[in-house]
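Report on the structure
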Amino acid sequence: MEETSTGAVTLTTERLILRAPRESDIDAVFAACQDPEIQRWTVVPSPYRREDAEFFVRDLAIDGWRTGANRIWCVFERESGALVGSQGLVLRPQDPGCAEIGWWAVKEFRGRGYTTEAARAVSRFGLRELGLRRLEWMAYVGNEGSRAVAGKAGYRFEGTLRSYAEQRGVFHDSWIASLLPSDLG
């Protein structure tokens, strides 16, 4: 794990490098977020414009690391250097010991275990390095891919929150699962 002057932390796993987004990532983020499945299951804007990728990199990620409000990583395959997804932790001011984890995966890299590998690294960082007492994963009901990743990463399913999460003006039922420090083993 290495830290930059902005406070951003780089994590490495066997197959991946997770680092804060950079200007040079804007085109890859823009291309990835054209995927209808990412737009369907996340809160990224739809349609997703280049300006949205610029905001994600220049504002949301940088400000998040600087203020500590959230941590966003772009996830890269070590071997090729290709963008395979994104991971994030959003801290809650009303509950400083808790954060929500989220992710999206580039279509071409799904099904290889990369998102699970990255989620485990981010979860360990949140629970061990940030000292959080609880991580929560939430997804709209029906997002089976994200649910599978959460389960493989050790998150314990807790239930369904009815009409809970808002996406572009519509409230959806959402699944919730958690991971505690004691779950890491």
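Let me sum up the structure you'll find in this document.

A few words now on the nonpolar core. Core analysis: the largest hydrophobic core is formed by 50 residues, its most contacted members being V29, W137 and Y155. Not counting chain neighbours up to four residues away, the residues in contact with V29 comprise Y48, A53, F56, C74, L83 and W104.

Before going further, it helps to spend a moment on unusual backbone geometry. Cis geometry marks the peptide bond from S46 to P47, where omega comes out at 0 degrees. You can see P47 is positioned in the loop between α2 (36–41) and α3 (50–67). Of note in this structure, S163 is not a glycine but carries a positive phi near 45 degrees. When you line up the elements, S163 lands in strand β8 (residues 156–167). Even without glycine at this site, R168 takes up a positive phi of about 50 degrees.

With that settled, the discussion passes to empty space enclosed by the protein. Enumeration according to the criterion identifies one cavity of 30 Å³ or more in this entry. The computed volume of the largest cavity comes to approximately 40 Å³. Taken together, V75, V84, G85, S86, Q87, W104, A105, Y114, T115 and A118 make up the full set of residues lining the largest cavity. Mapped by element, the contributors of at least two residues to the lining of the largest cavity are β5 (83–92), β6 (95–105) and α4 (114–129). Tallied by class, residues from the lining of the largest cavity come to six nonpolar, four polar and no charged.

When you line up the elements, E117 lands in helix α4. Take E117: its relative accessible area is 15%, and that puts it in the buried class. Those residues in contact with E117 that lie beyond four places of it in its chain are T13, E14, R15 and L16.

Of the residues making up helix α5 (residues 144–152), those classed as buried are S146, V149 and A150. Looking straight down α5, one finds that the buried residues subtend no more than 100 degrees of arc, so they occupy a single side. The exposed residues of α5 that point more than 90 degrees off its buried face are E144 and K152. Those residues of α5 hidden inside the fold are in contact with β6, α4 and β7 (134–140). The positive-phi residue at the C-terminal boundary of α5 is G154, with phi of around 100 degrees.

Quick notes on the rules
- Residues numbered from 1 in each chain as written.
- Predicted model: local features only at pLDDT ≥ 70, side-chain atom pairs only at ≥ 80, totals over all residues.
- Heavy atoms only, no water.
- Core = buried A, V, L, I, M, F, W, Y, C linked by side-chain atoms within 4.5 Å.
- Buried < 20%, exposed > 50% of the residue type's maximum accessible area, 1.4 Å probe, protein only.
- Contact = heavy atoms within 4.5 Å.
- Helix = DSSP H or I, 4+ residues; strand = E, 2+ residues; numbered from the N terminus.
- 1 Å grid on protein atoms, 1.4 Å probe; cavity = no way out; pocket = protein on both sides within 12 Å on 5 of 7 lines; lining within 4 Å.
- Points joined across faces, edges and corners; volume = space filled by probe spheres on them.
- Nonpolar A, V, L, I, M, F, W, Y, C, P; charged D, E, K, R; others polar.
- Arc of directions from axis to C-beta.

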